[in-house]
Amino acid sequence: MNETQVIRIRYWAAARAAAGVAEEEVLVEGPVRLGDLVSEVLARHGDSRLRDVIAACSVLLGEQPVGSRDPDEVMVAPGTSVEFLPPFAGG
């Protein structure tokens, strides 16, 4: 698999527990919307609590926070890592 055709998804803390994996790869043919990527990830994990956890997560594309931007307007290029970080207690 060519690294430029892959988006690496990383889960932290409660997101990792809900997904059952620390990370996974999504094969893409080009840039995709973050909203579509999240839909793909949720479909892979079926009836898990991942949907609720991801809804509360901060999202990083590479090292850049997505913040409050609409996931359907954020493009993710192949070769990018997407990290789901749940809120952490104490800070």
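The shown structure was predicted, so the numbers you read here are calculated from the model rather than taken from an experiment.

The next point concerns the overall build of the protein chain. Across its full length, the protein chain holds three helices and seven strands. Along its sequence from the N terminus, the protein chain presents helices and strands in the succession β-α-β-β-α-α-β-β-β-β. Against the 2.2 N^0.38 benchmark of 12 Å for 91 residues, the protein chain shows a C-alpha radius of gyration of 12 Å, consistent with a compact globule. For the protein chain, buried positions account for 37% of its 91 residues.

Let us look at the layout of surface pockets. Its boundaries defined by the atoms lining it, the largest pocket holds a volume of some 150 Å³. Within the residue set of the lining of the largest pocket, elements represented by two or more residues are helix H2 (34–44) and helix H3 (50–56). A per-class count over the lining of the largest pocket returns nine nonpolar, one polar and one charged.

Ile9, Tyr11, Leu34, Val82 and Phe84 are the most contacted members of the largest nonpolar core, which has 24 residues in total. Elements that contribute at least two residues to this core include exactly strand E1 (6–11), helix H1 (14–19), H2, H3, strand E4 (58–61) and strand E7 (81–85). At five residues, the largest contribution of residues to this core is made by H2. Among residues more than four places away in sequence, those in contact with Phe84 are Ile9, Arg10, Tyr11, Trp12, Ala15, Val38, Ile54, Cys57, Ser58 and Val59.

Turning our eyes to something else, we now look at H2. For H2, the full list of buried residues reads Leu34, Gly35, Leu37, Val38, Val41 and Leu42. Down the axis, H2 shows its buried residues gathered within 160 degrees of arc, on one side only. Downstream of H2 by a residue or two, Gly46 has a phi angle that is positive, lying close to 50 degrees.

Procedures and definitions
- Residues numbered from 1 in each chain as written.
- Predicted model: local features only at pLDDT ≥ 70, side-chain atom pairs only at ≥ 80, totals over all residues.
- Heavy atoms only, no water.
- Helix = DSSP H or I, 4+ residues; strand = E, 2+ residues; numbered from the N terminus.
- Rg over C-alpha atoms; globule rule 2.2 N^0.38 Å.
- Buried < 20%, exposed > 50% of the residue type's maximum accessible area, 1.4 Å probe, protein only.
- 1 Å grid on protein atoms, 1.4 Å probe; cavity = no way out; pocket = protein on both sides within 12 Å on 5 of 7 lines; lining within 4 Å.
- Points joined across faces, edges and corners; volume = space filled by probe spheres on them.
- Nonpolar A, V, L, I, M, F, W, Y, C, P; charged D, E, K, R; others polar.
- Core = buried A, V, L, I, M, F, W, Y, C linked by side-chain atoms within 4.5 Å.
- Contact = heavy atoms within 4.5 Å.
- Arc of directions from axis to C-beta.

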